[in-house]
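For reference, the chains in residue letters:
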Amino acid sequence: MEYDERLARFRQGHLNPFNKAEDEPRGDKDLLHNEMKPDSFKSEPRFHPTDRVMDLGLAEDHFSRPVGSFIASDIEHLKQAIEDCKRLILELPEHSEKQKDTVARLIHLRLKLQELKEPDEDEPNMRVLLEHRFYKEKSKSVKQTCDKCSTIIWGLIQTWYTCTGCSYRCHSKCLNTITKPCVRSKVSHQSEYELNICPESGLDSQDYRCAECRAPVSLRGIPNEARQCDYTGQYYCSNCHWNDMAVIPARVIHNWEFESRKVCRSSMRYLSLMMSRPVLKLKEINPLLFNFVEELVEIRKLRQDVLLMKPYFITCKEAMEARLLLQLQERQHFVENDEMYSLQDLIDISSGRLSSSLTEIHTTFAKHIKLDCERCQAKGFVCELCKEGDVLFPFDSHTSVCHDCSAVFHRDCYYDNSTTCPKCARMSERNQPVVPLVSRER
């Protein structure tokens, strides 16, 4: 009953300007002046500055006033009112009307507090900080998390930015407190992986602090939990290490292991940016891997064949018009060399996706050279050792290529021949200087 009576008194005092005018004695001149103003009945009730602090309290009739009349004194009073609302919600009976009204009041107070913290002003669309290129996001999604303060970004009421280089996300209020440089600059200056498996050195070497933000950490979780990054081997705090999962390049190269491991935020961004970069030369890092992984040998042979087909396409007008080489535009390094691999290549080799797609492209290329194009067919070879059989091409499985002159022979003929390559012999004879014959006079 007390709640209903207070609510009725508040509504009578604030929503009915006639009753308020009757309760407050005024002079005849003021009453006549108000009656002559046509907009006086439409205006909102005026509040005295001394009432503003009370407006932030927990009075039951707080939100019964008209929309737009909420006036906040300062952020501290709003925070205190929010804490009081939280405590009152726990004390009130569950699912009661008073509890529902208090929850609605809590939401209103939080929105007002957010408006005071981030006033609605024109934010720049682009900011450059620590080599980050931040652009203002227009998405209203609430599924993003600030990489600086580790809290949710409320897109409906908060302004936030995203770095176009490394996808670093943060509130507009957190921009000036960022200390982490853009990971893309590291990729541009140092395009290489850590090839040691989890090179741990211990918390004592880090002075029991986070390797990135230098916050105190410990394995006991006091004052902050120490989380190890499987890529760098160092320990990080919970703000810099969110237990993200990633494939570790060192484990792939040495163990052919593709299980995802926990990495810190900066390592996750670095690995994602390096995923498609061909920086792994397996022949030098771990040449024995080709002896144990058959799929690698198959892919290497297909890549070697593609390199042998490339000269045909470069000098063929039809192939250039059909843009056949663009079928490998996502893996441009496949038409440049057969030694470099990216981490994404190795992942696709393990899953079998790369073998199937590259075999299909290999079949298309071979069909153009051997069947569809007469110009490419005319560039075939005839085995000079047996001078029998069909036209040969260097990418055929039953052929061998001379390393000196690139002539093509049947594999059996080439290895059974004990003499040198006929084409190399002709070229050598042709390059010998001609000695003029001098007649002797008797």
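An account of the accompanying structure is given in this report. (Residues numbered from 1 in each chain as written. Predicted model: local features only at pLDDT ≥ 70, side-chain atom pairs only at ≥ 80, totals over all residues. Heavy atoms only, no water.)

Before going further, it helps to examine the side chain of asparagine 224. By the element assignment, asparagine 224 lies in the loop between helix H7 (183-189) and strand S7 (227-228). Accessibility expressed as a relative area gives 18% for asparagine 224, which makes it buried. There is a polar contact of 3.3 Å between the side chain of asparagine 224 and the side chain of serine 238. If sequence neighbours within four positions are ignored, asparagine 224 has contacts with Pro216, Val217, Ser218, Cys237 and Ser238. (Helix = DSSP H or I, 4+ residues; strand = E, 2+ residues; numbered from the N terminus. Buried < 20%, exposed > 50% of the residue type's maximum accessible area, 1.4 Å probe, protein only. Polar contact = N/O pair within 3.5 Å; in protein donor to acceptor, adjacent residues only side chain to side chain. Contact = heavy atoms within 4.5 Å.)

On to the environment of tyrosine 270, then. Residue placement: tyrosine 270 occurs in helix H9 (residues 265-274). Residues tyrosine 270 and serine 185 lie 85 residues apart in sequence; the distance between their C-alpha atoms is 9.9 Å. Not counting the four nearest positions on each side in its chain, tyrosine 270 is found in contact with Val183, Lys186, Val187, Gln190, Ser191, Glu192 and Tyr231.

This paragraph deals with helix H15 (residues 353-372). Across its 20 residues, H15 extends 27 Å between first and last C-alpha, which sits within 8% of the 28 Å expected from 1.5 Å per residue. Burial in H15 covers these residues: Leu354, Ser355, Leu358, Ile361, His362, Phe365, Ala366, His368 and Ile369. In this structure, the buried residues of H15 make contact with helix H12 (294-314), helix H13 (317-322), helix H14 (343-351) and helix H16 (374-377). (Expected span 1.5 Å × (residues − 1).)

Inspection of the sheet shows strand S1 (residues 126-129) paired to strand S2 (residues 132-136) by 4 bridges, in the antiparallel sense. Directly across from valine 128, in S2, lies its bridge partner arginine 133. In textbook terms, the turn of a hairpin is the stretch between consecutive antiparallel strands, and for S1 and S2 this stretch comprises 2 residues, one of which, leucine 130, has a positive phi near 50°. Of the pairings in the sheet, the one linking S2 to strand S5 (residues 160-163) comprises 3 bridges and is antiparallel in character. In the strand pairing of S5, phenylalanine 134 is matched with cysteine 163. (Pairing = 2+ DSSP bridges.)

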